[in-house]
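Chain and residue survey
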Amino acid sequence: MAYFDAASAAPLHPVARQALLASLDDGWADPARLYREGRKARMLLDAAREAAAEAVGCRADEVVFTPSGTRAVHTGIAGALAGRRRVGRHLIVSAVEHSSVLHSAEAWEADGGTVTRVAVNRAGAVDPSGYAEALRADTALACLQSANHEVGTEQPVAEVAEVCRAAGVPLLVDAAQSLGWGPVGGDWSLLAASAHKWGGPAGVGLLVVRKGVRFAAQGPVDERESGRAPGFENIPAVVAAVASLRAVRAEAAREAVRLRELTERIRARVPELVPDVEVVGDAGRRLPGIVTFSCLYVDGEALLHELDRAGFSVSSGSSCTSSTLTPSHVLKAMGVLSEGNVRVSLPPGTAEEDVERFLQVLPGAVAGVREKLGAPAPATAVRAGELLVDSLGKRCPIPVIELAKVFGEVPVGGLVRVLSDDEAARLDIPAWCQMRGQEYVGEEPAERGTAYLVRRVS
């Protein structure tokens, strides 16, 4: 089985396993106690904190260990907002942040705060000027991921940090996807990360709060982790997390070159091997191991099952794999095709042979899913010189399939009106037009769902 979902969770690094087992005997006691067992546990915890600080590029007393990366994000945002409550109640985030950041933003709004969501370009990157325009006199905090978890696009953190610093606003960076590859540059104020993203054990997060940043921990606090992460520290897991971070960093330069070559191969060859595919994300400024593409006329869930049966573990941001039936917020913010979406995220050590086998298997898997979905015939009618396609009640990718089937019946200059109540159609029909060189006229409200208008220009 080839595991290609490292962006969700990387396999446990051998060094992490060794460190975890080795520290179980000496890291079980309370590090706050003065007796021998407590002192041993404290030494392990202090050494891990020093090593984590070195990897991040900060002071050891700025690092706290949390029960998860999500908890680090929630604690960091809540504490920074509370610490600057006298400044105001305005928060800035990007539209493509991890759900942990966006959930914090939603909670902040529900509590009476205001949030500005900075848009991204079609590659998934923010423009620093977007943050500059969003800053206000009452802005308490800004947040920006170092790299996107779905498409791999790296964000201009240093430039945004400079803009925020000039305005006196702290910047929190979610570095979960990138910290294993190297420290985050720029004059940021807070940083959060998650060990299972770089091959450490699950259940360990990092929160860094720079000295001088106003911070007020929320909820009940105790004496542990500077009062910012209450509860007994899982010292063996912390030791393993930091050991694996140091190990992957030692391998990062070499592995980055190798994985970039493999993902470049996928980016180049998938459109050659599979028709009607859009590769998404920045082509150059991106993480080494992530490549994402979307396939027209494909049910994402069905495709993932086909690839799983062929021995490949991949993930998807397609609404076809979502219980909410809505496309990924990242793909939606980018305005790219969402149906048949596949994210390949290669862990360090991925074999070239596995990538080649994936490229051999993918065309057949896509063709098989398309064949199964090709049976339904669209309900069509001609009205006032235009073709009406009724796709109400049908999930992606059926509305686009039905559009494509009848489009040849429309003369050049003619119009097709697609009725759909599937949220994914709002992304996928314009994306189809762009891929096909046709004109997307826009959308109109309908009695049920929405009418999407497409004009044939060639």
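Details of the structure are given in the entry above.
In this report, we go over the structure that sits alongside the text. From a predicted model like this one, the values you see are computed outputs, not experimental measurements.

Considerations on the nonpolar core
Formed by 58 residues in total, the largest nonpolar core has its most connected members in Val-63, Phe-65, Tyr-131, Leu-171, Leu-179, Trp-198 and Leu-206. Counting residues per element, this core draws most heavily on helix α7 (residues 235-273), at nine residues. Ignoring sequence-local partners within four residues, the contact set of Trp-198 consists of Ala-10, Leu-179, Gly-180, Ala-193, Leu-206, Ala-241, Ser-244, Leu-245 and Val-248. Counting 49 residues, the second-largest nonpolar core is a separate cluster that includes Leu-307, Val-344, Leu-359 and Leu-373.

Details of helix α8 (residues 300-309)
When we look at burial in α8, the residues that qualify are Gly-300, Leu-303, Leu-304 and Leu-307. Considered in projection along α8, the buried side chains sweep an arc of 100 degrees and stay on one side of the axis. Its side-chain oxygen 2.9 Å from the backbone nitrogen of Glu-301, Asp-299 forms the N-cap of α8.

Topic: the side chain of Arg-370
Locating Arg-370 in the fold gives a position in helix α10 (residues 352-373). Salt bridges are absent for the buried Arg-370, whose nearest opposite-charge side chain, Asp-276, sits at 4.7 Å. At a separation of 2.9 Å, a polar atom in the side chain of Arg-370 contacts the main-chain carbonyl oxygen of Leu-296. Once you skip the residues sitting within four places of it in the chain, Arg-370 turns out to touch Val-274, Pro-275, Asp-276, Cys-295, Leu-296, Tyr-297 and Val-298.

Brief notes about the pairing of strand β6 (residues 171-174)
The alternating pattern of β6 places Leu-171 and Val-173 on one face and Leu-172 and Asp-174 on the opposite face, and all of these are buried. What joins strand β5 (residues 139-145) to β6 is helix α6 (residues 157-166), and the crossover it makes is right-handed.

Re the packing of α8 against α10
Viewed as axis vectors pointing N to C, α8 and α10 meet at an angle of 140 degrees, and their least axial separation amounts to 9 Å. Considering the angle they form, α8 stands oblique to α10. Between α8 and α10 lies a crossing whose hand is right-handed. In this structure, α8 contributes Ala-302, Leu-303, Glu-306 and Leu-307 to the contact, and α10 contributes Phe-358, Val-361, Leu-362, Ala-365, Val-366, Val-369 and Lys-372.

Regarding the environment of Ala-367
Note that Ala-367 resides in helix α10. A relative accessible area of 43% means that Ala-367 is categorised as partly exposed. Spatially, the C-alpha atoms of Ala-367 and Arg-448 are 32 Å apart, while their sequence positions differ by 81 residues.

Points about the side chain of Ser-391
Mapping Ser-391 onto the fold places it in the loop between β14 (386-390) and α11 (398-407). Since its relative accessible area comes to 0%, Ser-391 is described here as buried. Reaching out from Ser-391, the side chain makes a polar contact with the side chain of Glu-402 at a distance of 2.5 Å. Sequence-distant contacts of Ser-391, defined by excluding residues within four places in its chain, comprise Pro-399, Glu-402, Val-418, Leu-419, Ser-420 and Asp-421.

The rules we used
- Residues numbered from 1 in each chain as written.
- Predicted model: local features only at pLDDT ≥ 70, side-chain atom pairs only at ≥ 80, totals over all residues.
- Heavy atoms only, no water.
- Core = buried A, V, L, I, M, F, W, Y, C linked by side-chain atoms within 4.5 Å.
- Buried < 20%, exposed > 50% of the residue type's maximum accessible area, 1.4 Å probe, protein only.
- Helix = DSSP H or I, 4+ residues; strand = E, 2+ residues; numbered from the N terminus.
- Contact = heavy atoms within 4.5 Å.
- Arc of directions from axis to C-beta.
- Polar contact = N/O pair within 3.5 Å; in protein donor to acceptor, adjacent residues only side chain to side chain.
- Lys, Arg positive; Asp, Glu negative; His and termini not counted.
- Salt bridge = Lys/Arg side-chain N within 4 Å of Asp/Glu carboxyl O.
- Right-handed = clockwise from strand over helix to strand, strands pointing away.
- Axes fitted to C-alpha atoms, helices over the stretch in contact; angles between N-to-C directions.
- Parallel < 35°, antiparallel > 145°, perpendicular 65-115°, else oblique.
- Left-handed = near helix turned anticlockwise from the far one by under 90°.

Any functional reading would require information that these geometric values do not contain.
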